Amino acid sequence: SGNLTDERLVYIAHKSDEDAAAAVAGTIAGYEPHISLLLKPVSINSDAFTSAEIETINGSENFASGPAGNGVNWLVDPVLIPGRGVYMGEGYTGNPGGKKYIDIVRTVDNVSFLLKAQLIKTVGNLRISRSGLRALTAQMEAVLEPLVRTEVIEGYDIVIPILTLLDKDPNTLTPAELNQINNAQSQRVVEVLVAVDYAGAIHRLAITLKFE
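All values reported here derive from a predicted model rather than from experimental measurement.

Trainee: Help me out: how do you make sense of the packing of aromatic side chains in this one?
Mentor: Within the structure shown, the criterion is met by one aromatic pair. Sitting above the plane of the Tyr31 ring, Lys40 keeps its charged end 5.8 Å from the centroid.

In structure tokens form, the structure reads like this:
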């Protein structure tokens, strides 16, 4: 609670004398940002939690409303995975009410970084014009399209409000719209809105068997 509720913090419950924080950090760093941390191996020795202990750590759960989760992960040795090993029991961030899963935070950060790195060279070069802003859109698409093809993200939308106004017939522009264009060109500031559709990995399966 309080300052400890943060999507950039990761909490781990364990039964080990080893450095669980370092082990979990190593696991997180070992995967691409969009990869879920659920059931990923952790290099640590830790005794298993009982079902009751896991329920206490995770909070109440049902498949109709989804897992509650309180932002604390745990280590587990799954029965259905051959051999022995310690794995992440979940991939929560420290803020289950916000960005609940670690891969969401890492993916958003990564996409944001890639876009900014691509666009930094456009500052001071591209014009606030129809052709300049379309070139800006093309540069962002060059970053986002490969992420769609590799299924990192499902899709995206790019909106540049000033470009929308510049595409209109100049004779139909209202005084307020003309003022927006003039302000953008005089102040040399352009607002760009990017919406990304991110669909994370499956974390729960509800399977019903019916024998007839």
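Trainee: Teacher, can you tell me more about the nonpolar core here?
Mentor: Here is a general trend for soluble globular proteins: nonpolar side chains tend to be buried in one another's company. Leu133 and Leu144 are the most contacted members of the largest nonpolar core, which has 20 residues in total. The greatest single-element share of this core, amounting to six residues, is contributed by helix α4 (residues 130-149). Those residues in contact with Leu144, other than ones at most four positions away along the chain, are Val111, Leu115, Ile153, Tyr156, Ile158 and Val194.

Trainee: Any chance you could explain the environment of Glu212 here in plain terms?
Mentor: Positionally, Glu212 belongs in the segment after β7 (193-197). Engagement of the side chain of Glu212 in a polar contact is seen with the side chain of Lys210, the distance being 3.3 Å.

Trainee: What am I meant to see in helix α3 (residues 102-119) here?
Mentor: For an α-helix the count is 3.6 residues per turn, leaving residues at separations of three or four pointing the same way. In this model α3 runs 26 Å from its N-terminal to its C-terminal C-alpha over 18 residues, within 8% of the 26 Å that 1.5 Å per residue would give. For α3, the set of buried residues is Ile102, Asp103, Val105, Thr107, Val111, Leu115 and Leu119. The secondary structure elements touched by the buried residues of α3 are α1 (20-29), α4 and β7.

Trainee: For this particular structure, what's the right way to read a negative patch on the surface?
Mentor: Taken together, Asp17, Glu18, Asp19 and Asp47 make up a surface patch of like negative charges. In this structure, Asp19 sits in the loop between β1 (11-13) and α1.

Trainee: Is there a simple way to explain the packing of α3 against α4 in this structure?
Mentor: Contact pair α3 / α4: the axes reach a minimum separation of 10 Å and the direction vectors enclose 145°. Regarding α3 and α4, the two cross each other, and that crossing is right-handed. Contacts between α3 and α4 involve Val111, Leu114, Leu115, Gln118 and Leu119 on the former and, on the latter, Leu136, Gln139, Met140, Ala142, Val143, Leu144 and Leu147. Of the residues belonging to the contact of α3 with α4, the class tally is 10 nonpolar, two polar and no charged.

Trainee: How should a nonpolar patch on the surface be read in this particular structure?
Mentor: On the surface, Ile202, Leu205, Ile207, Leu209 and Phe211 cluster together to form a nonpolar patch covering roughly 690 Å² of accessible area. Looking at Ile207, the relative accessible area reads 66%, which means it is exposed.

Cut-offs used in this document
Residues numbered from 1 in each chain as written. Predicted model: local features only at pLDDT ≥ 70, side-chain atom pairs only at ≥ 80, totals over all residues. Heavy atoms only, no water. Phe/Tyr/Trp six-rings, centres within 6.5 Å; stacked < 30°, edge-to-face > 60°. Lys NZ or Arg CZ within 6 Å of the ring centre and 35° of its normal. Core = buried A, V, L, I, M, F, W, Y, C linked by side-chain atoms within 4.5 Å. Buried < 20%, exposed > 50% of the residue type's maximum accessible area, 1.4 Å probe, protein only. Helix = DSSP H or I, 4+ residues; strand = E, 2+ residues; numbered from the N terminus. Contact = heavy atoms within 4.5 Å. Polar contact = N/O pair within 3.5 Å; in protein donor to acceptor, adjacent residues only side chain to side chain. Expected span 1.5 Å × (residues − 1). Patch = residues over 30% accessible without salt bridge, like charges linked within 9 Å, V, L, I, M, F, W, Y side chains within 5 Å. Areas by Shrake-Rupley, 256 points an atom, 1.4 Å probe, with all protein chains shown as cover. Salt bridge = Lys/Arg side-chain N within 4 Å of Asp/Glu carboxyl O. Lys, Arg positive; Asp, Glu negative; His and termini not counted. Charge placed at Lys NZ, Arg CZ, Asp CG, Glu CD. Axes fitted to C-alpha atoms, helices over the stretch in contact; angles between N-to-C directions. Left-handed = near helix turned anticlockwise from the far one by under 90°. Nonpolar A, V, L, I, M, F, W, Y, C, P; charged D, E, K, R; others polar.

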